[in-house]
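Structural description and commentary
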2 protein chains.
Amino acid sequence: MRKTKRREGGKTDNRGTAGPSSRRPVPETDYEAVFRDFLQARGLKLTRERMVILEEVFKHDDHFDIDEFHMKMRKKGLKVSRASIYRTLPLLQECGLVDEVKTTERQAFYEHIHGRRHHDHLVCLSCGKVMEFYSPAIERLQEEICRRRRFKSLRHVLEIQGHCKDCA
Amino acid sequence: MRKTKRREGGKTDNRGTAGPSSRRPVPETDYEAVFRDFLQARGLKLTRERMVILEEVFKHDDHFDIDEFHMKMRKKGLKVSRASIYRTLPLLQECGLVDEVKTTERQAFYEHIHGRRHHDHLVCLSCGKVMEFYSPAIERLQEEICRRRRFKSLRHVLEIQGHCKDCA
DNA sequence: TTGAGATTGAGAACAAATCTCAATCGTGGC
DNA sequence: GCCACGATTGAGATTTGTTCTCAATCTCAA
Ligand SMILES: [Mn+2]
Ligand SMILES: [Mn+2]
Ligand SMILES: [Zn+2]
Ligand SMILES: [Zn+2]
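Residues numbered from 1 in each chain as written. Chains lettered and ligands numbered in written order. Predicted model: local features only at pLDDT ≥ 70, side-chain atom pairs only at ≥ 80, totals over all residues. Heavy atoms only, no water.

The next subject is the coordination of the zinc ion (ligand 3). Residue and element names in this part refer to chain A. Distances from the zinc ion (ligand 3) to its protein donors, C124 (SG), C127 (SG), C164 (SG) and C167 (SG), fall within 2.2 to 2.4 Å. What the 4 donor atoms of the zinc ion (ligand 3) show is an angle range of 100 to 119 degrees at the metal, which sorts the shape as tetrahedral. When the donors of the zinc ion (ligand 3) are listed by position in the chain, the intervening gaps give C-x2-C-x36-C-x2-C. Here C124, found in strand β3 (residues 120–124), pairs with C164, found in the segment after β5 (152–163); they are 40 residues apart in sequence, far enough to count as distant. The residues C124 and C164 share a single accessibility class, namely buried. (Donors = N, O, S within 2.8 Å, 3.2 Å for Na, K, Ca; no water. Tetrahedral: all angles 85-135°; square planar, octahedral: opposite > 155°, others 65-115°. Helix = DSSP H or I, 4+ residues; strand = E, 2+ residues; numbered from the N terminus. Buried < 20%, exposed > 50% of the residue type's maximum accessible area, 1.4 Å probe, protein only.)

Given below as structure tokens:
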């Protein structure tokens, strides 16, 4: 009982951002190039959906979860399925453009990290605000701990939960 | 369409651990007293199920998730529903007997912390092993970060993921 | 231009956690 | 000890985030 109509056709809107070797009315951005090269190197295809998602991610200057993200796209009239978003974000992660922050809450959130450095998070339990911090000292101590145990660290999550100064 | 039969009766097995002022064939443990006092103070009832769960938690000397925990109880013939476990563990948390460790993986896990100190975790992505560590220096640095931002920290999660020395 | 193979979307499937509510239990007051 | 009544339980339903399915569709190297 699956709907038969699909991709209600229409505006292909290639915008020239992706055309293999066509003129570029809009110069390709860094992150577009990064993503394109990544896809190519992996034998993956540069689809309209993937590009739309990429652009949208880089318009967000904040942390976001997938549902919220999907909703915003729909409101703008950008037709991309939730499934594609769930499939594309891990790709963006793999090429280092996006970071998935697995929270201790139920939903993971994402943020683009184009050229940004690793950091950890303070999460306000009242208003949901997410603040960032980076402590070289903490990072060093973690490395030290792993070294002592001969544990090969691949990643870590440090999330401090509490109340921000506005909610105290 | 709910089953009508309930609590297939039988062995009440009070074991004397909970009797209000009866003789105590088995001396009450610390944690039993802690839990009992907590329940009393909150006007909650000391039920067979809660006691069974408590005992079982303190037989586990490791981290466990609820489903695994429930399964083990069933195998032993201890009849307690998953729902009751989901309801009781937060109580044990509130009275400080148990710690819920929200991981970056999907399932949270628990551990009893009777008299034990806060610590953080190294998780091996190959074998699933969980190792513990405690770094006063890291804790201090976190406090410092919160102070600087006037953030009131209630809890934190620090989980380092990677490969343990046996899996490297 | 074309076809093999990758991708998509809608909804189904999954899984952890929470909720529902009738049947049952625990406890303080008698 | 017995009672009454609020608390608790269990089985299944529900919720919710995420992943899977697969026919239709698209992409791109040749
Ligand atoms: Mn961040
Ligand atoms: Mn632990
Ligand atoms: Zn806040
Ligand atoms: Zn291991």
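To continue, consider the relation of the copies chain A and chain B. After a rotation of 180 degrees and a shift along the axis of 0.0 Å, chain A superposes on chain B with an RMSD of 0.1 Å. Taken together, the rotation angle and the small translation identify this as a two-fold axis. Closest to the rotation axis within chain A is the C-alpha of L158(A), separated from it by 2.2 Å. Both copies present the same face, since 100% of the interface residues in chain A are matched by interface residues at the equivalent positions in chain B. (Least-squares fit on C-alpha atoms with pLDDT ≥ 70 in both. Contact = heavy atoms within 4.5 Å.)

What follows deals with the coordination of the manganese ion (ligand 1). All names here are of chain A. At the metal site, the manganese ion (ligand 1) is ligated by H63 (NE2), E111 (OE), E111 (OE), H119 (NE2), H121 (NE2) and E132 (OE), and these contacts range over 2.1 to 2.8 Å. For the manganese ion (ligand 1), the 6 donor atoms in the first shell make angles of 51 to 167 degrees at the metal, a pattern classed as irregular. Donor residues for the manganese ion (ligand 1), ordered by position in the chain, follow H-x47-E-x7-H-x1-H-x10-E. Of the two residues, H63 is situated in the loop between α2 (48–59) and α3 (66–75) and E132 in strand β4 (residues 130–133); the sequence distance between them amounts to 69 residues. Owing to a relative accessible area of 25%, E132 belongs among the partly exposed residues under this scheme.

So, on to the interface of chain A and chain B. Reports often express the size of an interface as the amount of accessible area lost when the parts come together. In this assembly, 34 residues from chain A lie in contact with 34 residues from chain B. Summing both partners gives a buried area of about 3,200 Å² for chain A against chain B, and 67% of it is carried by carbon and sulfur. At the junction of chain A and chain B, the tally comes to 0 salt bridges. Summed over the shared surface of chain A and chain B, the number is 12 residue pairs in polar contact (both at pLDDT 80 or more). Of all the elements in the fold, those that place two or more residues in the side of chain A that touches chain B are β3, β4, α5 (136–148) and β5 of chain A. Per element, the largest residue contribution to the side of chain A that touches chain B is 12 residues, and it comes from β5(A). Grouping the constituent residues of the side of chain A that touches chain B by class yields 17 nonpolar, 9 polar and 8 charged. Here 11 bridges tie β5(A) to strand β5 (residues 152–163) of chain B, and the two strands are oriented antiparallel to one another. (Buried area = accessible area lost by both parts, 1.4 Å probe. Salt bridge = Lys/Arg side-chain N within 4 Å of Asp/Glu carboxyl O. Polar contact = N/O pair within 3.5 Å; in protein donor to acceptor, adjacent residues only side chain to side chain. Nonpolar A, V, L, I, M, F, W, Y, C, P; charged D, E, K, R; others polar. Pairing = 2+ DSSP bridges.)

Spatially, 6 strands are ordered β4(A)-β3(A)-β5(A)-β5(B)-β3(B)-β4(B) in an open sheet, and the strand pairing comes out mixed. Edge strands, defined here as strands with exactly one partner in the open sheet, are β4 of chain A together with β4 (130–133) of chain B. Adjacent strand axes in the sheet meet at a mean angle of 25 degrees, parallel and antiparallel pairs treated alike. Bridging between strand β3 (residues 120–124) of chain B and β4(B) involves 4 bridges; their strand directions are antiparallel. Among the inter-strand pairings, V123(B) is bridged to a residue of β4(B), identified as V130(B). The sheet strands contacting α5(A) are β3 and β5 of chain A together with β3, β4 and β5 of chain B, and the helix crosses β5(A) at an angle near 135 degrees. (Axes fitted to C-alpha atoms, helices over the stretch in contact; angles between N-to-C directions.)

At a closest axis distance of 10 Å, the pairing of α5(A) and helix α5 (residues 136–148) of chain B adopts a crossing angle of 160 degrees. With respect to each other, α5(A) and α5(B) are oriented roughly antiparallel. At the point where α5(A) passes α5(B), the crossing takes the left-handed sense. Contact residues: α5(A) offers A137(A), I138(A), L141(A), Q142(A) and I145(A), while α5(B) offers A137(B), I138(B), L141(B), Q142(B) and I145(B). The class makeup of the residues in the contact of α5(A) with α5(B) is 8 nonpolar, 2 polar and no charged. (Parallel < 35°, antiparallel > 145°, perpendicular 65-115°, else oblique. Left-handed = near helix turned anticlockwise from the far one by under 90°.)

Moving on, we get to the pairing of β3(A). Residue and element names in this part refer to chain A. The buried count for β3 comes to 5 of 5 residues, which makes it a mostly enclosed element. Going residue by residue along β3, you find D120, L122 and C124 tucked away on one face and H121 and V123 tucked away on the opposite face as well. In this antiparallel pair of consecutive strands, β3 and β4, the connection spans 5 residues, and G128 shows a positive phi of 80 degrees. Pairing between β3 and β5: 4 bridges, direction parallel. Considered in β5, the bridge of C124 is made with G162.

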